[in-house]
Amino acid sequence: MYRTALRNVLAHKGRLLMTALAVMLGTAFVAGTMVFSDTFAKAMRDNNSKSYSDVSVQVVDRAAGSGASARQKAEGGSAALTDATVQQLAALPGTAAARGVVSGFTGVADKKGDLIGQVWTARGANFAPGQDGKDPRYAMVEGQGPKTAKEIALDRKTADKAGYKVGDTVRIAANGPVIEAKLTGLFTTDDPVVNSGGTLTLFDKATAQQILLEPGRYSSIVLTAKPGTSQDALLAEVEPKVSSGRQFDVETGAKLKADEQEQITKSSSSLRTMFLAFAGISLFVGIFIIANTFTMLVAQRTKELALLRAIGASRKQVTRSVLVEALLIGTVSAVTGLLAGIGIGAGMQSLIGAMNDSMPTGSLVISPVTVAVTIVVGILVTVASALLPALRAARIAPVAAMSSGDQPVSQKSLVVRNTIGSVLAGGGLALIGYGASTGNGSGRIPVALGAFLTLIGVFVLLPLLSRPVVALVGPLLRGLGGMPGKLAQQNAVRNPRRTAATAAALTIGLTLVTGLTVIGASVNDTVDRAVTRSMKADYVVGAANGMSLSEQVPAQIAKAPGVAVSSATTTSDWKLNGTYKTVTGVDAAALDKLSDLQLTSGSAADFGNGRLLVDEKAAEKLNVTTGSVLNVTFSDDSTGQLTVGGVFRPGGTLGSVVLANSEVVKHEPKPYISDVLVKGKDGATDGLKQALKDATGANPVIEVKSKQDIREDFSQTITFALNLMYGLLGMAVLIAILGVVNTLAMSVFERKREIGMLRAIGLDRGGIKRMVRLESVVISLFGAGIGLLLGCFIAWAINGTLKSSLSGLTTVLPFGELALFLVLAAVVGLVAAIWPARRASKLDILSSIKTD
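Residue positions are given per chain, counting from 1 as you read along its sequence in written order. Given that this is a predicted model, residues contribute local features only at a pLDDT of at least 70 and side-chain atom pairs are listed and counted only at 80 or more, while totals for whole chains, interfaces and linings are drawn from all residues. Hydrogens and waters are ignored; side-chain quantities use all the structure's heavy atoms.

Peer 1: Explanation requested: the overall build of the protein chain in the structure shown.
Peer 2: A run of DSSP states H or I qualifies as a helix once it reaches four residues; a run of E qualifies as a strand once it reaches two. Both are numbered from the N-terminal end. When helices and strands are tallied, the protein chain shows 28 helices and 22 strands. On the principal axes, the C-alpha backbone points of the protein chain span a range of 100 × 70 × 45 Å. Relative to its full complement of 852 residues, the protein chain shows a buried share of 48%. We call two residues in contact whenever any of their non-hydrogen atoms come within 4.5 Å of each other. Intrachain contacts of the protein chain at a sequence separation of at least 6 include 82% that bridge at least 24 residues. For the area figures, the Shrake-Rupley method with a 1.4 Å probe applies, and any residue is considered shielded solely by the protein chains shown. Working note: accessible area of the protein chain is about 38000 Å², and carbon and sulfur atoms make up 60% of it. Across the protein chain, 83 positive and 63 negative side-chain charges occur, with their mean positions spaced 15 Å apart. Three labels apply to residues, based on accessible area from a 1.4 Å probe with only protein chains included: buried if under 20% of the type maximum, exposed if over 50%, partly exposed otherwise in between. Only four residue types enter the tally: Lys and Arg on the positive side, Asp and Glu on the negative side, with His and both chain ends excluded. Charge positions come from single atoms, namely NZ of Lys, CZ of Arg, CG of Asp or CD of Glu.

Here it is in structure tokens:
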């Protein structure tokens, strides 16, 4: 029987080619993901490990810098890392050297005034030379380190990007006005910020403290242990010296390195998990192709298998022979997929390097786990997919050797199948409905489980659905294709299970693509309505790094030519009736000119007199109405009371709680300024936009955005995420296309006699081609249509679970894109039919009629 299985594989290698390709593509996706993630993670770990080569113990001040919250600063009290702290720690018995480190955001403008690189990788630090005038962390390759407030040094890569040379004037900005400084030196470093494509600007110590922190203060202190002193021993000496301030973190270099490598591992694992999830979808689609292929092979070899049973083969032997065929195909395909996956991993690494030449690289990592997982997954998926066809093969009676045609499907099996499918689909729909009705995140698990059950249930019911659905397009097929169209319709419903199995692969892909598209369109629409409805301001001025604007910026903008009214918007985290809420501050006189809060109760007349405005959701959560008094705990831990002056509809851009800035500054003298809203005398004009930029000193860190800019930013983010998902789902769609090609090719083979008879009674080659093409299009559109409906329904349910976090979210159906998906599905059907149709039209009439 094993020799028979091997002979069958070799005899049907053409018909098994698409199955092998499906398995190969799925396993290649798995292997490529694992190779790439392992390689990337190792390169990142190797790169970042250099950062702690001279660190024995590090003391970090969490409350240092503008990024610290008011609560952290309050907890820290007057404690800080200063020169006195550095000297104190340097005098410890186990300390060989101690240096103070200043670090914070610093953006660098190119010669056009635009920010170099990404805002989250722009850093500044202090140049700390030793007695020889050199800082071992930053090796100067040209010029020298900065010595005065008007001097800086740049990393070599940043200077090369912008075309700066030593002696040039460079414009930089931190969390304040633009600074023009002379470039005195270029350096190289193994700092991860630079190695990952960021910018690093060096100042002298006093300037760095002034710009990035505050005079005399360090963000951290790095200690190097004396020979013979362990890091743990030095840590024990350091901790008592800095324990008075609760905002200090004290760790050994080894612990910091281990923590960072663990974080890198977690990040790469998250990336791997996402990719593997899509690889799993591709393999799941492949299951339908494999099962369909073996089902058709078993049906085509009914006489052969029955003859084996007649000459003494047991049912177990027949089952094993089919499974051995699957094992051989799975093994060969998995090994091929592993090799292809290694190539994919190498290609992805090269692509990342081409997109960002600063990303760390290293040799490919091909772990034993990758090899084992890829081969085992390939074999298991193939064998498991062939299990049901193998069991059906064992049930073929020996007497079937004397008959012809497929074995009839019993009415009982159809009833059982349809009952199971109905139960699964009904239960899944119920779970989806329940999850959507919750209106918050608690419904996401029921929706996910319900979506899975519904998909499985629909797959089981697809044969039942195929007949009425295909019948609906029958008149269209006859109108477009005449007799070939009628034959295509009959062929599509002749074997509903085969049609369903082929269409199911496309259904999976279209369900996911449609769901993502509808969710993306819905979120885009919600953001667009929020910006359009609630925002009267023409421009929003904010920091690109998300940090607080300098106190001078609102005043500078107010004086800009063309500005009619402006207001800083501040944010504060206060405890209202025991619940933390973000309170947005706006100038009382400018509120109605810059924003449109649609009040449902109360009035904004007393807004400037210390009365809060809250949206309906916040009011419900806080259990308040207009006139209610709230107990407030402010950021400095002082307490007080505020009265609710009105309630407005949710979904605006100002947040859920709004208060006049004049009241905010009573409790926060230096509030966090998130942005500045601006209304122009002549509306939004290019002249006003340029005037706002000029008013801020053409600061590369400050962005001036119109309503359209804000909408486009959200839209681009969503579009990027959707395009990434579409790309990852591309493999599943490709495998689905192979499934259509495979089914049609095998269908042509088993219908050779029928095709020969059609040719004999007058159907020409063109008619045969049209018949196969239209059959392919019908199957593709059937699968795509079911996928579109499922995707829209699941997207509606997911949107229901997002309403609590995105006010005003409603489900929007992008009919243009959905129609495009159907058109593309039809094109997929046409493309998939090219080879089978060509093959069918070239069959010899006499030899086809004589086919047994």
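Peer 1: Help me understand the environment of Ser566 in this model?
Peer 2: The residue Ser566 is located in strand E14 (residues 563-576) in this model. When its relative accessible area of 16% is taken as the criterion, Ser566 is described as buried. On a C-alpha basis, the gap between Ser566 and Val632 in space is 28 Å, while along the polypeptide they are 66 residues apart. In this view, Ser566 contacts Ile557, Ala558, Asp587, Ala590, Leu594, Val676, Leu677 and Val678; residues no more than four positions away in its chain are not counted.

Peer 1: In this structure, what is going on with helix H7 (residues 205-212)? I would like to understand it.
Peer 2: Of the residues making up H7, those classed as buried are Thr207, Ala208, Gln209 and Leu212. Looking at the buried residues of H7, the elements they touch are strand E3 (103-105), strand E5 (122-126) and strand E10 (199-203).

Peer 1: So what exactly am I meant to see when it comes to a nonpolar patch on the surface here?
Peer 2: Only residues whose relative accessible area exceeds 30% and that form no salt bridge are eligible for patches; like-charged ones are grouped when within 9 Å, while nonpolar side chains (Val, Leu, Ile, Met, Phe, Trp, Tyr) are grouped when within 5 Å. Salt bridges are identified by distance alone: a Lys or Arg side-chain nitrogen within 4 Å of an Asp or Glu carboxyl oxygen. Where nonpolar side chains cluster on the molecular surface, the patch consists of Leu820, Val823, Leu824, Val827, Val831 and Ile834 and spans about 520 Å² of accessible area. Sorting elements by how many residues they give to the nonpolar patch places helix H26 (residues 815-832) first, with five residues.

Peer 1: How should the confidence of the model for the protein chain be read in this particular structure?
Peer 2: Residue-level confidence of the predictor is what pLDDT reports, using numbers from 0 through 100. For the protein chain, the average pLDDT comes to 83, and 91% of its residues sit at 70 or higher. Confidence drops under a pLDDT of 50 for residues 66-78, and excluding neighbours within four residues, the segment shows 15 contacts in the predicted structure.

Peer 1: I keep staring at unusual backbone geometry and nothing clicks. Help me out?
Peer 2: What is expected of a backbone is that most residues other than glycine have negative phi and most peptide bonds are trans. Phi angles above zero are rare outside glycine, and Asn623 is one such case at about 60°. Tracing the backbone shows Asn623 in the loop between helix H20 (616-622) and strand E18 (629-633). The backbone phi angle of Ala698 is positive, close to 50°, even though this residue is not glycine. Relative to the helices and strands, Ala698 is located in the loop between helix H22 (686-695) and strand E22 (702-706).

Peer 1: I tried to follow the nonpolar core on my own but got confused; where do I start?
Peer 2: The nonpolar side chains of a soluble globular protein tend to be buried with one another. The criterion is simple. A nonpolar core is a set of buried Ala, Val, Leu, Ile, Met, Phe, Trp, Tyr and Cys residues joined through side-chain atoms within 4.5 Å. Formed by 86 residues in total, the largest nonpolar core has its most connected members in Leu462, Val658 and Val772. It is helix H23 (residues 707-750) that provides the largest number of residues to this core, a total of 14 residues. Not counting residues up to four positions away in its chain, the partners in contact with Val772 are Leu744, Val748, Ala833, Pro836, Ala837 and Ala840.

Peer 1: I'm lost on the pattern of salt bridges in this one. Help?
Peer 2: Side chains carrying opposite charge are able to pair once their charged atoms draw close together. Counted under the stated rule, the structure contains 17 salt bridges. Of the charged contacts, one joins Asp538 and Lys679 as a salt bridge, the two residues approaching to 4.0 Å between their closest N and O atoms. Taken together, the residues Asp538 in the loop between helix H17 (496-534) and strand E13 (539-543) and Lys679 in strand E21 (residues 672-680) connect sequence positions 141 residues apart. On the basis of relative accessibility, which here comes to 27%, the residue Lys679 falls in the partly exposed class. A salt bridge links Lys705 to Asp713; the nearest nitrogen and oxygen atoms lie 2.4 Å apart. Beyond isolated ion pairs, a larger network of salt bridges with shared partners links Asp61, Glu214 and Arg217.

Peer 1: Just to check I follow, could you spell out the environment of Thr265 for this structure?
Peer 2: You can see Thr265 is positioned in helix H9 (residues 253-300). Residues Thr265 and Leu774, spaced 509 residues apart in sequence, show a C-alpha to C-alpha distance of 50 Å. Each polar contact in these results corresponds to two N or O atoms within 3.5 Å; when the atoms are within protein, one needs to be able to donate a hydrogen and the other to accept it, and residues that are neighboring in sequence are counted only if both atoms are side-chain atoms. Side-chain polar atoms of Thr265 contact the backbone oxygen of Gln261, separated by 2.9 Å.

Peer 1: When you look at the packing of helix H4 (residues 83-90) against helix H8 (residues 231-242) in this model, what are you seeing that I'm missing?
Peer 2: Helix axes use the C-alpha atoms of the stretch in contact, all axes being lines fitted to C-alpha atoms, and the angles between their N-to-C directions lie in the range 0 to 180 degrees. Two numbers describe how H4 lies on H8: the axes approach to 10 Å, and their chain directions differ by 145°. The hand of the H4/H8 crossing is right-handed. Contacts from Thr85, Gln88 and Leu89 in H4 reach Val238, Lys241 and Val242 in H8. Under the grouping applied here, Gly and all other residues not named as nonpolar or charged are polar, the nonpolar ones being Ala, Val, Leu, Ile, Met, Phe, Trp, Tyr, Cys and Pro and the charged ones Asp, Glu, Lys and Arg. When its residues are assigned to classes, the contact of H4 with H8 shows three nonpolar, two polar and one charged. Note: crossing handedness is left-handed where the near helix turns anticlockwise from the far helix by less than a right angle, and right-handed where it turns clockwise.

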